[in-house]
Amino acid sequence: AQKVTQAQTEISVVEKEDVTLDCVYETRDTTYYLFWYKQPPSGELVFLIRRNSFDEQNEISGRYSWNFQKSTSSFNFTITASQVVDSAVYFCALSEEVGGEGGGATNKLIFGTGTLLAVQP
Amino acid sequence: GAGVSQSPSNKVTEKGKDVELRCDPISGHTALYWYRQRLGQGLEFLIYFQGNSAPDKSGLPSDRFSAERTGESVSTLTIQRTQQEDSAVYLCASSLDFWGAPPADTQYFGPGTRLTVL
């Protein structure tokens with residue numbers, strides 16, 4: 001069964017520290033997609049990154065970087081030099097192609113329970 | 001351009017009443033999804049639309065929940081005879097996925113409707 005585990009419920013760091021948010025997933029499929037979303041206090045989910053299962057290259061975007069390790073089924077997210085504005089709940093999600101009724105496919109997202117990151121000034 | 005919008009942003013209702021939640025997807029997005037987020041938890045998938053058909057309703061928790069969509073536009077999630085356990089934030093998302101193509105497009109979320117059932 002598909003499952004996403006974010007073992008860290010809450011993390012608190014001081015501004016400028018680096019922080020890594022862990023994500024471990026379970027899937028039987030060979031084709032799947034992994035996502036990270038940010039949910040600030042305002043509540044709206046903000047898309048951060050999408051990675052497909054065939055692309056294991058790590059990615060860096062400014063202070064954000066992602067480490068995809070298929071061998072350990074992990075897709076960890078690191079924020080370098082954290083800032084107060086990074087304070088939010090971060091969700092990791094897994095998408096699989098699943099057959100729906102009538103032959104169509106659906107890519108519903110399976111979310112982890114989220115990690116609350118608090119960055120103190 | 002405009003993102004996904006949802007209305008109302010907040011809804012307080014009494015147990016047993018029916019509620020309707022509305023979602024306007026990003027223009028041109030053919031796929032639309034509803035999720036529920038209970039307090040302090042992750043998101044649970046409810047239903048997926050491709051155009052105005054719903055190939056995946058597997059997440060609807062009971063027959064009190066239903067949803068419909070007009071063409072590739074607005075969707076309405078209806079909860080009949082609301083119960084206190086229905087209290088949650090209901091989030092809508094849309095993506096560019098086309099019927100029959102491998103679904104891989106990113107889902108963009110609206111701000112959600114916070115439902116409180118007293």
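Residues numbered from 1 in each chain as written. Chains lettered and ligands numbered in written order. Predicted model: local features only at pLDDT ≥ 70, side-chain atom pairs only at ≥ 80, totals over all residues. Heavy atoms only, no water.

Asks: Just to check I follow, could you spell out the overall build of chain A for this structure?
Replies: For chain A, the count of helices and strands is zero helices and 14 strands. Ordered by position in the sequence, the α and β elements of chain A form the string β-β-β-β-β-β-β-β-β-β-β-β-β-β. Relative to the 2.2 N^0.38 estimate, which gives 14 Å for 121 residues, the radius of gyration of chain A is 15 Å and therefore close to what a compact globule would have. Each of the three principal axes of chain A carries a C-alpha extent, and together these read 55 × 30 × 25 Å. In chain A, which comprises 121 residues, the share counted as buried stands at 45%. A fraction of 56% describes how many contacts in chain A between residues 6 or more apart in sequence connect residues 24 or more apart. As presented, chain A carries roughly 5900 Å² of accessible surface, and 48% of it is formed by carbon and sulfur atoms. Here chain A contributes 9 positive and 15 negative side-chain charges, whose respective centroids are spaced 1 Å apart. (Helix = DSSP H or I, 4+ residues; strand = E, 2+ residues; numbered from the N terminus. Rg over C-alpha atoms; globule rule 2.2 N^0.38 Å. Buried < 20%, exposed > 50% of the residue type's maximum accessible area, 1.4 Å probe, protein only. Contact = heavy atoms within 4.5 Å. Areas by Shrake-Rupley, 256 points an atom, 1.4 Å probe, with all protein chains shown as cover. Lys, Arg positive; Asp, Glu negative; His and termini not counted. Charge placed at Lys NZ, Arg CZ, Asp CG, Glu CD.)

Asks: I would appreciate a short explanation of the state of the cysteines in the present structure.
Replies: Disulfide: a covalent bond connecting the sulfur atoms of a pair of cysteines. In this structure the tally under the stated criterion is two disulfides over all chains. One disulfide bridge connects C23 of chain A with C92 of chain A, the sulfur atoms lying 1.9 Å from each other. Looking along the S-S bond of the C23 of chain A-C92 of chain A disulfide, the torsion reads about -65°, which is the left-handed sense. One end of the pair, C23 of chain A, is in the loop between β3 (19–21) and β4 (24–26); the other, C92 of chain A, is in strand β10 (residues 88–96), with 69 residues separating them in the sequence. Taken as a pair, C23 of chain A and C92 of chain A share a single burial class, namely buried. Two residues share a disulfide in this structure: C23 of chain B and C92 of chain B, whose sulfurs sit 1.8 Å from each other. Measuring handedness by torsion sign, the sulfur bridge of C23 of chain B and C92 of chain B sits at about -65° and is left-handed. Placement of C23 of chain B in strand β3 (residues 19–24) and of C92 of chain B in strand β9 (residues 88–95) is noted, with a sequence separation of 69 residues between them. No difference in accessibility class separates C23 of chain B from C92 of chain B, as the two residues are buried. (Disulfide = S-S within 2.5 Å.)

Asks: Help me understand the environment of Q83 of chain A, please; the structure alone is not making it clear to me.
Replies: All names here are of chain A. Position of Q83 among the secondary structure elements: in the loop between β9 (74–79) and β10. Through-space distance from the C-alpha of Q83 to that of K70 is 30 Å; in sequence the pair is 13 residues apart. Not counting chain neighbours up to four residues away, the residues in contact with Q83 comprise E15, R63 and V119.

Asks: Where do I start with the pattern of salt bridges in this structure?
Replies: Pairing between side chains becomes possible if they bear opposite charge and their charged atoms approach one another. Residue and element names in this part refer to chain B. Overall, the coordinates contain eight salt bridges over all chains when judged by the stated rule. One salt bridge connects D24 with R22, and the closest N-O pair in it is separated by 2.9 Å. In this structure, R38 and E44 form a salt bridge, with 3.7 Å as the shortest nitrogen-oxygen distance. (Salt bridge = Lys/Arg side-chain N within 4 Å of Asp/Glu carboxyl O.)

Asks: Mind showing me how you'd approach the packing of aromatic side chains here?
Replies: Aromatic ring pairs are described here by two measures, namely the spacing of the ring centres and the angle between the planes. In this structure the tally under the stated criterion is 20 aromatic pairs over all chains. Aromatic pair W36 of chain A and F77 of chain A: ring centres 5.3 Å apart, planes at 50°, arrangement tilted. With W36 of chain A in strand β5 (residues 32–39) and F77 of chain A in strand β9, this pair connects stretches of sequence that are 41 residues apart. Geometrically, the ring pair formed by Y35 of chain B and F45 of chain B is edge-to-face, given 5.9 Å between the ring centres and 75° between the ring planes. Of this pair, Y35 of chain B sits in strand β4 (residues 31–37) while F45 of chain B sits in strand β5 (residues 43–50), placing them 10 residues apart in sequence. (Phe/Tyr/Trp six-rings, centres within 6.5 Å; stacked < 30°, edge-to-face > 60°.)

Asks: Even after reading the chapter, I still don't get the environment of L117 of chain A, so can you show me in this structure?
Replies: Residues and elements named next belong to chain A. Tracing the backbone shows L117 in strand β14 (residues 115–120). L117 gets classed as buried once you look at its relative accessible area, which sits at 1%. For L117 and S12, which are 105 residues apart along the polypeptide, the C-alpha to C-alpha distance reads 5.9 Å. Setting aside residues no more than four positions away along its own chain, L117 makes contact with I11, V13, V19, I79, D86, S87, A88 and Y90.

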